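Each chain, written out:
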Amino acid sequence: MPTLILPLILACFSLLLMAALGGSPAFAAPQVSLEAPATVARGDAFVALAVSNEPVQSFSFKWMGKNYAATAYAGEASTGAEKKWQAVILLPVPLDAKENDLTLAVAPITGQTGGKKPVAAGQAATQNIGLYNKDRPVQQLTVDKKYVDPPAAQMERIKADRELVRKTLAQYSPERQWTLPFERPVSGDVSSLFGLKRVFNGQPRGLHRGLDLRGAEGTPILACADGKVALTGNLYFSGNVVYINHGEGVFTAYLHMSKVLVEKDQVVRKGDVIGLVGATGRVTGPHLHLSLLVQGVSVDPQPFIPAAESSEKKAPSSANQPSKAPKKGK
Ligand SMILES: [Zn+2]
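So, how was this worked out
Residues numbered from 1 in each chain as written. Predicted model: local features only at pLDDT ≥ 70, side-chain atom pairs only at ≥ 80, totals over all residues. Helix = DSSP H or I, 4+ residues; strand = E, 2+ residues; numbered from the N terminus. Buried ≥ 20, exposed ≤ 12 C-beta atoms within 10 Å, placed from the backbone. Contact = placed C-beta atoms within 7 Å. Pairing = 2+ DSSP bridges. Axes fitted to C-alpha atoms, helices over the stretch in contact; angles between N-to-C directions. pLDDT = per-residue confidence, 0-100.

K.L.:
Just checking my understanding: could you explain the overall build of the protein for this structure?
P.N.:
Of regular secondary structure, the protein possesses two helices and 24 strands. Within the span of the protein, comprising 330 residues, buried residues form 34% of the whole. Considering only contacts within the protein whose residues lie at least 6 apart along the sequence, 68% involve residues at least 24 apart.

K.L.:
Whenever I open this one, the sheet that holds strand β16 (residues 220–222) confuses me. Can you help?
P.N.:
Strand pairing in a sheet takes place through backbone hydrogen bonds and is either antiparallel or parallel in direction. Read from one edge of the open sheet, three strands run β16-β22-β20, paired in antiparallel fashion. Because the sheet does not close on itself, it has two edges, and the strands there are β16 and β20 (259–260). Alignment of β16 against strand β22 (residues 273–276), held across three bridges, turns out to be antiparallel. By the bridge assignment, L222 is partnered in β22 with V273.

K.L.:
I tried to follow unusual backbone geometry on my own but got confused; where do I start?
P.N.:
Trans is the common state for peptide bonds, and a negative phi is the common state for residues other than glycine. Residues L180 and P181 are joined by a peptide bond in cis, for which omega reads -5 degrees. Mapped onto the elements, P181 comes out in the loop between α2 (155–170) and β12 (190–192). One non-glycine residue, M64, lies in the positive phi region at around 50 degrees. Of note, M64 is situated in the loop between β4 (58–63) and β5 (66–71).

K.L.:
Got a minute to help me understand the pairing of β4 in this structure?
P.N.:
Pairing analysis gives six bridges linking β4 to β5, with the strands arranged antiparallel. Of the residues in β5, the one forming a bridge with W63 is K66. Hairpin connection between β4 and β5: a loop of two residues separates the two successive antiparallel strands, and M64 in this loop has a positive phi of roughly 50 degrees.

K.L.:
What should I look at first to understand the sheet that holds strand β11 (residues 138–141) in this one?
P.N.:
The strand order across the open sheet built from three strands is β11-β13-β14, with neighbouring strands paired in mixed fashion. The two strands at the open ends of the sheet, each matched to only one other strand, are β11 and β14 (203–207). For this sheet, the mean inter-axis angle between neighbouring strands, taken without regard to orientation, is 25 degrees. Inspection of the sheet shows strand β13 (residues 197–200) paired to β14 by three bridges, in the antiparallel sense. Bridge pairing in β14 places F200 opposite Q203.

K.L.:
Just checking my understanding: could you explain the confidence of the model for the protein for this structure?
P.N.:
Detailed reading of the predicted model is not advised wherever pLDDT is low. Looking at the protein as a whole, its pLDDT mean stands at 84, while 80% of the residues score no less than 70. In the predicted structure, residues 6–25 sits below a pLDDT of 50 and forms three contacts with residues beyond four places in sequence or in another chain. Confidence over residues 311–330 falls short of pLDDT 50; this stretch has 31 contacts with residues more than four positions distant or in other chains.

Okay, here's the thing in structure tokens:
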């Protein structure tokens, strides 16, 4: 007798299970998985990937006390025909982060119900991320005296510049435009790394919050990724600038240009020429200063751009996996 009953029970159970999984998606709680690097250097950003087996509208990533929403896109799973909903996001680790170990959490957000706020549904996934330091040496530079001790008459302008940049970076476009790797904006080598402690004319002046790339005056500068021009203008320290909003909290900024070739609100594509290399603002000579701003934090752009073809031998950072961005419809 038991030899007959057991298969029967199993058959009934699997029918119920199939009904539960496929019959009514509204009641199936999404199963979410999370991929992120195990360690990240202070001053770097990292890619986090969330995947759900059920339809979700977006994911909410909780990182260093803040929540970041990322729109979910449907796509085929790489292993088979099963459909998945996923999102990638860039998250920052500030240079001065005090913690040694942090937890990244992600929760699925399903559709809005009756115009109310999005609903969190399903189990959150978490991952521990260890922080470490990269070597950030001191760099001595000599520049025009007016850029070390700006004349009193310029203080108002410097304040206004700062406010303008702060307002620009406070804009948030939920749709992700960027894909990895970024386009290298100029082919020249790195002349100054991100995070160096800088001493101008013998006086300490904080950290270098960008990556300097060599380029002769007039060299075309290419946009790192798709986006919309968020700011153009001339700033006291930065000279002629272009800021691009790439969506989902990611901006790039291009400083010291001789000429700006785009306008505010212009839509740009990855690789478009946006300006020319110059020596405007606080510089020792013509070069491109590239800034990457992720969720309002300046981070090192270098791990996200391909190495210069000629002389750089350094392998790209293993902490970031550029190919995780899902292909979009257009
Ligand atoms: Zn610089």
